[in-house]
Amino acid sequence: MFSPDILQYILLICVLMVGAEICLQDSNCRLPNCYCGGRDTPGNLLPSEIPQIIVFSFDDAVNSENYQMYEKLFLNNRFNPNGCPISMTMFVSHNYTEYNLVRDLYSKGMEVAVHSVTHRTPTDFWKEASTEQLRYEIVQQRKNLAQKTGIPIQNITGWRSPFLQSAGDKLYSILQEENFQYDSTMTVATENGFSSKFWPNTLDFGWQLDCNVRPCPKGSYSGLWEVPVMMLEKPFAPIGCLYLDSCRPENKEEAFQLFWVNFHSFYKGSRAPLFYTMHSSWLREKHNYDAMNYFLLTILHYYSDVFIISYQQLIEWMQNPTKLVDINNFKGWHCPKRYLNFVQPFVDTNNVNNVNNSAANDFMRIPFLLSLLLIVLITL
């Protein structure tokens, strides 16, 4: 049998002979700027050496209707094993967005990405739009987010097309020209009902998986990451769901199993990143919200090798794969200073005044006691 390195070179020779061009990791594609994706792990790490990454993302407007849900689920003193707050990614469209709330969530560690100005219908618009129309939707919404929130424009690096409808090479040419880091529009289906467990890739060699929603990019876009929407396994069903919205559990137990079955499959398997993609409207049903909340609490309480992070943080790790034993030293996941005082010790607010008053009274007794001691000494 040939070694993997020899097989790779044989494959490369065959590719050159037929004139095709495919991605070969560590040969014609090297991290941190190029990654082939697929099932091979970055850095050739073993599953036991990889932190299990979970990424939650939400599409559309951010406003008072969903802000409180985001705050309770992600900002309620919830921390990854390295002591940094958990995070998620919001793909924000313009209509109905309250930008002061976007700014607040960003300041507390959430990622903000672009999801168009108009989010217009029909779906085919996003396939057939001209280059000028697409550029407006992408560039103007990025400007809206930066100007209305104060977020540095260079920190807004991701795009997702409405309805997950790609425009093919027109879309990716714009994203590369405008210095976006990644797209999250392409989709990956389940295989025989089970999650495909692929790693994201750069588009140096185009999109090399199945084209589920046409048109798909055929060109080469060096260094531009594609973080596809992965179809989730749906327990006891032959077909999964891209958005959690299209899975319709009837109660909290069914909703929790939707989270848990997928987590268990990834965690006990290859430990490829696990994506939960949704609209916040799915959480308006109480049993869905309660199930997600319980899932988060379970993960954060029992698993010291699972990290809930943003798309940007996922790419940072993939560019510099770091073993789990060294993860606390991985600079890409260090907390900004603004988080250092986020955790406050539990204080029974009913007794705060009593504690403070007691301390004050003790302090006030000191001069009296010193005076009494002085009198006694003089008398002696």
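What you see is a predicted model; the values in this text were computed from it and never measured.

(A) Examining the overall build of the chain more closely. Tallying secondary structure elements over the chain gives ten helices and eleven strands in all. For the chain, the exposed surface amounts to about 19,300 Å²; the carbon and sulfur share of it is 54%.

(B) Focus on helix α2 (residues 64–74). Of the residues making up α2, those classed as buried are N66, Y67, M69, Y70, L73 and F74. On its buried side, α2 packs onto β1 (52–59), β2 (89–92), α3 (99–107) and α8 (286–302). If you check the start of α2, you find a side-chain oxygen 3.0 Å away from the backbone N of E65, and it comes from N63.

(C) Broad picture of the nonpolar core. Within the largest apolar cluster, 95 residues are counted, with the highest numbers of intra-cluster contacts made by F56, F263, Y276, M292 and W317. Looking at this core element by element, the count peaks at seven residues for helix α7 (residues 252–267). If near-sequence neighbours (up to four positions away) are discounted, M292 is found in contact with F56, F58, L73, F74, F259, M278 and L283.

(D) Up close: the state of the cysteines. A complete count under the given rule lists five disulfides for this structure. Note that C84 is cross-linked by a disulfide to C335, the S-S spacing being 1.7 Å. Judged by the torsion about the S-S bond (-115°), the C84/C335 disulfide is left-handed. Placement of C84 in the loop between α2 and β2 and of C335 in the loop between α9 (311–319) and α10 (349–379) is noted, with a sequence separation of 251 residues between them. Its relative accessible area of 24% is what places C335 among the partly exposed residues. Through a disulfide, C241 is tied to C247; the S-S separation comes to 1.7 Å. On the sign convention where negative means left-handed, the S-S torsion of about -80° between C241 and C247 marks this disulfide as left-handed. Each member of the pair, C241 as well as C247, is classed as buried.

(E) The packing of aromatic side chains, seen in detail. Applying the stated criterion across every chain yields a total of 28 aromatic pairs. Geometrically, the ring pair formed by F259 and W282 is edge-to-face, given 5.9 Å between the ring centres and 70° between the ring planes. Of this pair, F259 sits in helix α7 while W282 is found in the loop between β10 (274–279) and α8, placing the two residues 23 residues apart along the sequence. When the ring of F307 is compared with that of W333, the centres are 5.0 Å apart and the planes differ by 40°; the resulting orientation is tilted. In this pair, F307 sits in strand β11 (residues 306–309) while W333 sits in the loop between α9 and α10, placing the two residues 26 residues apart along the sequence.

(F) Geometry of unusual backbone geometry. Backbone torsion omega between L31 and P32 reads 15°, so that peptide bond is classified as cis. For P32, the location among the structural elements is in the loop between α1 (4–18) and β1. Backbone torsion omega between R214 and P215 reads 5°, so that peptide bond is classified as cis. Tracing the backbone shows P215 in the loop between β7 (201–203) and β8 (221–226). The residue S116 is not glycine, and still its phi comes out positive at about 95°.

(G) Representation of the side chain of S57 in the model. Assignment of secondary structure puts S57 in strand β1. Polar side-chain contacts of S57 include one of 3.2 Å to the side chain of R160. Within the structure, the side chain of S57 is placed 3.5 Å from the side chain of Y311, a separation counted as a polar contact. Filtering out sequence-adjacent residues up to four positions away, S57 remains in contact with T89, F91, R160, Y276, T277, M278 and Y311.

(H) Layout of the pairing of β10. Most of β10 is tucked away: six of the six residues are buried. Burial of β10 is two-sided: the residues L274, Y276 and M278 facing one way and the residues F275, T277 and H279 facing the other way are all buried. Pairing of β1 with β10, which is carried by six bridges, proceeds in the parallel orientation. Within the sheet, the bridge partner assigned to D59 lies in β10 and is H279.

Reading the values: the criteria
Numbers given for residues are sequential positions, taken from 1 along each chain in its written order. In keeping with the predicted nature of the model, local features appear solely for residues at pLDDT of at least 70, side-chain atom pairs appear and are counted solely at 80 or more, and the whole-chain, interface and lining totals rest on all residues. Hydrogens and water molecules were not included; the side-chain quantities draw on all heavy atoms of the structure. Helix and strand assignments follow DSSP, with helices taken as H or I runs no shorter than four residues and strands as E runs no shorter than two, numbered in order from the N terminus. Shrake-Rupley sampling with a 1.4 Å probe provides the accessible areas, and residues are treated as covered by the protein chains on show and by no other component. When a residue's accessible area, from a 1.4 Å probe over protein chains only, is under 20% of the maximum for its type it is buried; when over 50% it is exposed; and in between it is partly exposed. Here a residue-residue contact requires only that any non-hydrogen atoms of the pair lie within 4.5 Å. The definition of a polar contact used here is a pair of N or O atoms within 3.5 Å, where within protein one atom must be able to donate a hydrogen and the other to accept one, and adjacent residues in sequence count solely through side-chain atom pairs. In this description, a nonpolar core means a group of buried Ala, Val, Leu, Ile, Met, Phe, Trp, Tyr and Cys residues linked to one another through side-chain atoms lying within 4.5 Å. To count as a disulfide, a pair of cysteine sulfur atoms needs to be within 2.5 Å. Here the aromatic set is Phe, Tyr and Trp, taking the six-membered ring for Trp, and pairing holds for ring centres within 6.5 Å; pairs whose planes are under 30 degrees apart are stacked, those over 60 apart are edge-to-face, and all others are tilted. Only strands joined by at least two bridges in the DSSP assignment are considered to pair.

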